[in-house]
Amino acid sequence: NFNVQEGCTTVTVTVNRIGDTSGPAAVDYATSNVLATDRGDYITSLGTLRFAAGETSKNFVVLINADSYIESNETFTVSLSNPSGVSLGGPMIASVTIIDSPPVNVGSNVIDDARNYVCQNYHDFLNRQPDASGWDFWTNEITSCGTNQQCIETKRINVSAAFFLSIEFQNTGYLVERFYKTAYGQATGTSTFPNTHQFPVPVIRFIEFLTDTQRIGADVIVGQSGWQQQLENNKQLFALEFVQRSRFVTAFPTMMTPQQFVDALNTNSENALSANERTTLINLFGGNGNTTNLMARAQALRAIADDQDLEQTEFNRAFVLMQYYGYMRRNPNDPQDTDYTGFDFWLTKLNQFNGNFVNAEMVKAFLESSEYRSRFGGAPGGNQ
């Protein structure tokens, strides 16, 4: 059992390995709601712990959120599954208790506090606890307004949007979205804006996004020593693991020729490749008539996902999607929505304003929504 005081903080979970440790081993971990919920009390944590030969202990961190509700202590669980090179002993499930911290100002919402607001954006978009310098910098952006409410509102919008626009998110969360786009194209959604119709929507789902973003962003803190190499290592491992998933192998059998493989990925990315880029990726397979070369498959997939043309064409759609994933912690067609009408509305509006989220009032609307504010406390003045 683990205990943690409520706040914008973390709890470290330790997994121990006993018995024969002479070989490598791995085990998956995942959090689950009990009384505490992953939309308000903590951030869902999913991943794999990999033990090298001789390693006996591994840690992972779960992010804990602050809220303004007066409530009893709440719990969630962490479970282990899918062992490799080892069997599961007991316990396989641990309990984490969040000890309630009464609000300083009863009736207020903790998300209105600048420092907590910044911390929450780190949790929601970068899946990590803020580094001290970044936390101070972005907090000061807001507090520098003093009591000027118009200034505070503008700064809160720009600060939050900066997390989506950051180098760190563009190379983690947004890159994951582009991986799925390149691999699987797009899905079809229903919208009633302005009339009932179907239109293309992102194929990636929230739980997939969260799992893979945490993998590719693991231990990456932009600006700290060695972050570029850590990110590059993560990208390479993620791409290689991605092309070995059963879903990907089913969609792209290794009997496909390099031309068929690259062309299928390029079609899914809405033809992001130039003729020369296409040839370069085909040549990764060294003239073979099939695509059994895993490294070449991973390099080709990543190259298209990283293509600048795809980054530009997918940008607005991903920006709107991340409003739901970051602020609402759900898919665009999950309750309280029943379809993609809201997603369609905001994408249309963002496109009309050429991607200018301030003029489109998109970020502002999500931040002021009662759905977002109710994650952390009462939502006076909030809008649906």
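Heads up: these notes are all about the structure in this document. Please read these numbers as outputs of a predicted model, since none were measured by experiment. (Residues numbered from 1 in each chain as written. Predicted model: local features only at pLDDT ≥ 70, side-chain atom pairs only at ≥ 80, totals over all residues. Heavy atoms only, no water.)

### Considerations on the nonpolar core
Then, number 1: The biggest cluster of nonpolar side chains holds 78 residues, and the ones touching the most others in it are Phe242, Phe248, Phe343, Met362 and Val363.
Then, number 2: With nine residues, the top contributor of residues to this core is helix 12 (residues 308–328).
Then, number 3: Residues Val13, Val15, Ile64 and Phe76 belong to the second largest nonpolar core, which totals 21 residues. (Core = buried A, V, L, I, M, F, W, Y, C linked by side-chain atoms within 4.5 Å. Buried < 20%, exposed > 50% of the residue type's maximum accessible area, 1.4 Å probe, protein only. Helix = DSSP H or I, 4+ residues; strand = E, 2+ residues; numbered from the N terminus.)

### A word on the sheet that holds strand 6 (residues 74–84)
Then, number 1: Pairing in this open sheet of five strands is mixed, and the strands run 1-7-6-3-4 from one edge to the other. The open sheet is flanked by strand 1 (2–5) and strand 4 (46–51), the only strands paired with a single partner. Taken over all neighbouring pairs, the strand axes of this sheet differ in orientation by 25° on average, direction set aside.
Then, number 2: One ladder, built from six bridges, connects strand 3 (residues 25–33) with strand 4; its direction is antiparallel. The residue bridging valine 27 from the neighbouring strand is leucine 49, located in strand 4. (Pairing = 2+ DSSP bridges. Axes fitted to C-alpha atoms, helices over the stretch in contact; angles between N-to-C directions.)

### Here's the deal with the packing of aromatic side chains
Then, number 1: Throughout the structure, instances matching the rule amount to 38 aromatic pairs.
Then, number 2: A centroid spacing of 6.4 Å and a plane angle of 50° characterise the contact between phenylalanine 169 and phenylalanine 209, whose relative ring orientation is tilted. Taken as a pair, phenylalanine 169 in helix 4 (residues 167–170) and phenylalanine 209 in helix 6 (residues 206–216) lie far apart in primary sequence, 40 residues in all. Phenylalanine 209 matches phenylalanine 169 in its accessibility class, with the two residues each being buried.
Then, number 3: Its end group placed over the ring of tyrosine 117, arginine 156 keeps NZ or CZ at 3.9 Å from the ring centre.
Then, number 4: Positioned over the ring face of tyrosine 184 is arginine 247, at 3.8 Å from the centre of the ring. (Phe/Tyr/Trp six-rings, centres within 6.5 Å; stacked < 30°, edge-to-face > 60°. Lys NZ or Arg CZ within 6 Å of the ring centre and 35° of its normal.)

### Quick notes on the layout of surface pockets
Then, number 1: When its volume is computed, the largest pocket comes out at roughly 1,300 Å³.
Then, number 2: Contributing to the lining of the largest pocket are 39 residues, with Tyr29, Gln214, Arg215, Ala218 and Asp219 lying nearest its centre.
Then, number 3: The set of elements that each furnish at least two residues to the lining of the largest pocket consists of strand 4, strand 5 (57–64), helix 1 (114–126), helix 6 and helix 7 (227–242).
Then, number 4: Residues belonging to the lining of the largest pocket are distributed by class as follows: 17 nonpolar, 15 polar and seven charged.
Then, number 5: Computed from the structure, the second largest pocket encloses a volume of approximately 520 Å³.
Then, number 6: Taken together, 24 residues make up the lining of the second largest pocket; nearest its centre are Val15, Asn16, Leu80, Gly90 and Pro91.
Then, number 7: Elements represented by at least two residues in the lining of the second largest pocket include exactly strand 2 (9–16), strand 3, strand 6 and strand 7 (93–99).
Then, number 8: The greatest single-element share of the lining of the second largest pocket, amounting to four residues, is contributed by strand 2.
Then, number 9: Of the residues belonging to the lining of the second largest pocket, the class tally is 17 nonpolar, six polar and one charged. (1 Å grid on protein atoms, 1.4 Å probe; cavity = no way out; pocket = protein on both sides within 12 Å on 5 of 7 lines; lining within 4 Å. Points joined across faces, edges and corners; volume = space filled by probe spheres on them. Nonpolar A, V, L, I, M, F, W, Y, C, P; charged D, E, K, R; others polar.)

### Some remarks on the state of the cysteines
Then, number 1: On inspection of all chains with the given rule, the structure shows two disulfides.
Then, number 2: For cysteine 8, the disulfide goes to cysteine 119, at an S-S distance of 2.2 Å. When the S-S torsion is -95°, as for the bridge of cysteine 8 with cysteine 119, the disulfide is left-handed. Note that cysteine 8 is positioned in the loop between strand 1 and strand 2 and cysteine 119 in helix 1, a separation of 111 residues in sequence.
Then, number 3: Cysteine 8 gets classed as buried once you look at its relative accessible area, which sits at 12%.
Then, number 4: Each disulfide in the protein links cysteines that, numbered along the sequence, combine into the pattern 1-2, 3-4. (Disulfide = S-S within 2.5 Å.)

### Some points on empty space enclosed by the protein
Then, number 1: Summed over the entire model, instances satisfying the criterion amount to two cavities of 30 Å³ or more.
Then, number 2: Considered as a void within the structure, the largest cavity measures approximately 60 Å³ in volume.
Then, number 3: Forming the boundary of the largest cavity are Asp124, Phe125, Asn127, Phe169, Phe206, Phe209, Leu210, Thr213, Met322, Tyr325, Gly326 and Arg329.
Then, number 4: Among the secondary structure elements, those contributing two or more residues to the lining of the largest cavity are helix 1, helix 6 and helix 12.

### Comments concerning unusual backbone geometry
Then, number 1: Note that the residue after glycine 90, namely proline 91, is joined by a cis bond; omega there is -5°.
Then, number 2: The omega torsion of the bond from proline 335 to glutamine 336 falls at 20°, within 30 degrees of zero and hence cis.
Then, number 3: Tracing the chain through its elements places glutamine 336 in the loop between helix 12 and helix 13 (341–352).
Then, number 4: Phi is positive for asparagine 127, which is not a glycine, with a value near 55°.
Then, number 5: Locating asparagine 127 in the fold gives a position in the loop between helix 1 and helix 2 (132–143).
Then, number 6: According to the relative accessible area criterion, asparagine 127 is buried, its value standing at 16%.
Then, number 7: Notably, glutamate 361 is not glycine yet its phi reads approximately 60°, a positive angle.
Then, number 8: Mapped onto the elements, glutamate 361 comes out in the loop between helix 14 (357–360) and helix 15 (362–368).

Function-wise, these values are silent; they only describe arrangement.
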